[in-house]
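# Breakdown of the fold
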Amino acid sequence: MGWLDIWPHRSLIINLAKREVLSRYRGSWLGVLWSIINPVLLLLVYMFVFGVIFQARWPQSTGVDENFAALLFSGLVVYVYFSEQLTSAPSLVLRHENFVKKVVFPIDTLAWVSVLSSLFHFVLSLLVLFLFVAIWGSGLSLSVFALIPLYLIFTVQLVAMVWFVSALGVFIRDVVYIASFLSTALFFLSPIFYPIEAVPESFAKVMQINPLSFYIESTREIVVLGNWPSSNGMLIAGFVAILSYIAAGAFFDRVKSGFADVM
């Protein structure tokens, strides 16, 4: 099963991911620097709109939240990492038709290439968040090291999602519209602009089913508030990610032989 044998293809995955990142900025004057400029500009907009104009405070907090922009941004960077993969996954295999028809090419690696290219931008956005919290917020704590296992789990979960959605996208072209709707819906149904505690109790359990909720809340707790994530939550997320990885990988491996017939 090719999906279980990814490690031998690590050089191929890294090189393709690097090419994917560079191709995004091909022809632009500043090139990859836009990966840093974009999150910086976005954070400055948040600071102005929510801090100066609305003078907003985080729901259920006491006093004024000087960290409001950081609380908001920490949720948004996680969402963007997820959303990029959800919306691009349905056409991932279709965009690489030339690879599909090459028998020797490990098509299973495309999901890793896609996720790692987004991970590059995600990490840069996180660095911007770190700098903001360190200078204008309450400062960074040792809890930031918990982000390593957290995002390792998240990345594995995203690869599983990309395998499943990209395989479906080959056979069912409507998946691209479903993924687009889900991406928009999850933007509002995920705790990006509010904490889960602010959600009425009758809807709280539904919010917790949302796979993004744990990663957004954990990022906010770790980076902005300086707390350690829930150990039980990490174990459950890890178990779900591994189970999803195995199931989605097996599904992709089973149906990939039919890709060429429908493309």
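Above this note sits the structure.
Remember, it's a predicted structure, so these values are computed and weren't measured experimentally.

Conventions used here
- Residues numbered from 1 in each chain as written.
- Predicted model: local features only at pLDDT ≥ 70, side-chain atom pairs only at ≥ 80, totals over all residues.
- Heavy atoms only, no water.
- Helix = DSSP H or I, 4+ residues; strand = E, 2+ residues; numbered from the N terminus.
- Expected span 1.5 Å × (residues − 1).
- Buried < 20%, exposed > 50% of the residue type's maximum accessible area, 1.4 Å probe, protein only.
- Contact = heavy atoms within 4.5 Å.
- Polar contact = N/O pair within 3.5 Å; in protein donor to acceptor, adjacent residues only side chain to side chain.
- Phe/Tyr/Trp six-rings, centres within 6.5 Å; stacked < 30°, edge-to-face > 60°.
- Axes fitted to C-alpha atoms, helices over the stretch in contact; angles between N-to-C directions.
- Parallel < 35°, antiparallel > 145°, perpendicular 65-115°, else oblique.
- Nonpolar A, V, L, I, M, F, W, Y, C, P; charged D, E, K, R; others polar.
- Patch = residues over 30% accessible without salt bridge, like charges linked within 9 Å, V, L, I, M, F, W, Y side chains within 5 Å.
- Areas by Shrake-Rupley, 256 points an atom, 1.4 Å probe, with all protein chains shown as cover.
- Salt bridge = Lys/Arg side-chain N within 4 Å of Asp/Glu carboxyl O.
- Core = buried A, V, L, I, M, F, W, Y, C linked by side-chain atoms within 4.5 Å.
- Left-handed = near helix turned anticlockwise from the far one by under 90°.

### Here we look at helix α10 (residues 211-224)
- For α10, built from 14 residues, the straight-helix expectation of 20 Å at 1.5 Å per residue is met to within 8% by its first-to-last C-alpha distance of 21 Å.
- Those residues of α10 that fall on the buried side of the exposure criterion are L212, S213, Y215, I216, E217, S218, T219, R220, I222, V223 and V224.
- In this structure, the buried residues of α10 make contact with α3 (68-88), α6 (109-136), α7 (147-171), α8 (175-189), α9 (201-209) and α11 (231-255).
- Two to three positions downstream of the cap, the backbone nitrogen of L212 sits 2.9 Å from a side-chain oxygen, assigning the N-cap of α10 to N210.
- Of the residues flanking the end of α10, it is G226, one or two places downstream, whose phi is positive at about 75 degrees.

### A short note on the packing of aromatic side chains
- One pass over the full model with this rule turns up 15 aromatic pairs.
- Between F154 and Y215, the ring centres sit 4.3 Å apart and the planes meet at 25 degrees, which makes this aromatic pair stacked. In this pair, F154 sits in helix α7 while Y215 sits in helix α10, placing the two residues 61 residues apart along the sequence. In this pair, the class of F154 matches that of Y215, namely buried.
- Consider the rings of W163 and F252, whose centres lie 6.5 Å apart with planes at 40 degrees: the pair is tilted. In this pair, W163 sits in helix α7 while F252 sits in helix α11, placing the two residues 89 residues apart along the sequence.
- A connected cluster of aromatic rings, assembled from ring pairs, spans Y81, F122, Y151, F154, F214 and Y215.

### Looking at the packing of α3 against α8
- Packing of α3 against α8 brings their axes to within 9 Å, and their N-to-C directions diverge by 170 degrees. Taken together, α3 and α8 sit at an angle that is classed as roughly antiparallel. Residues L76, Y79, F82, S83, L86 and T87 of α3 lie in contact with α8, whose contacting residues are A179, S180, L182, S183, T184, L186 and F187.
- A breakdown of the residues in the contact of α3 with α8 according to their chemical character gives eight nonpolar, five polar and no charged.

### Side note on a nonpolar patch on the surface
- Where nonpolar side chains cluster on the molecular surface, the patch consists of L33, W34, I36, V40, L41 and L44 and spans about 500 Å² of accessible area.
- Of note, V40 is situated in helix α2 (residues 34-53).
- Relative accessible area serves as the criterion here: at 34%, V40 is assigned to the partly exposed category.

### Here's the deal with the environment of S190
- By secondary structure assignment, the location of S190 is in the loop between α8 and α9.
- For the pair S190 and M207, spaced 17 residues apart in the sequence, the C-alpha separation amounts to 7.0 Å.
- Those residues in contact with S190 that sit more than four places away from it in its chain are M207, N210, L212 and I216.
- Looking at S190, its side chain comes within polar contact range of the side chain of N210, at 2.8 Å.

### Regarding the pattern of salt bridges
- Taken as a whole and judged by the stated rule, the model has three salt bridges.
- Between R220 and E217 there is a salt bridge whose closest N-O contact spans 2.9 Å. In this pair, R220 and E217 are both assigned in helix α10, three residues apart and thus about one turn of the helix distant.
- Given the relative accessible area of 3%, R220 is considered buried.
- Within this structure, D108, D253 and K256 form a network of salt bridges that share partners.

### Quick notes on the side chain of S218
- By the element assignment, S218 lies in helix α10.
- In contact with S218, other than residues within four places in its own chain, are L150 and P229.

### Section: the nonpolar core
- By size, the foremost hydrophobic cluster in this structure holds 72 residues, and its most contacted members are V78, F154 and W163.
- When near neighbours in sequence (up to four residues on either side) are disregarded, F154 contacts V78, Y81, F82, L212 and Y215.

### With respect to the packing of α3 against α10
- At a minimum axis separation of 9 Å, α3 and α10 run at an interaxial angle of 140 degrees. Taken together, the axes of α3 and α10 are oblique relative to one another. Regarding α3 and α10, the two cross each other, and that crossing is right-handed. Across the interface between the two elements, A70, L71, S74, G75, V78, Y79 and F82 from α3 touch L212, Y215, I216, T219, R220 and V224 from α10.
- Grouping the amino acids of the contact of α3 with α10 by side-chain chemistry returns nine nonpolar, three polar and one charged.

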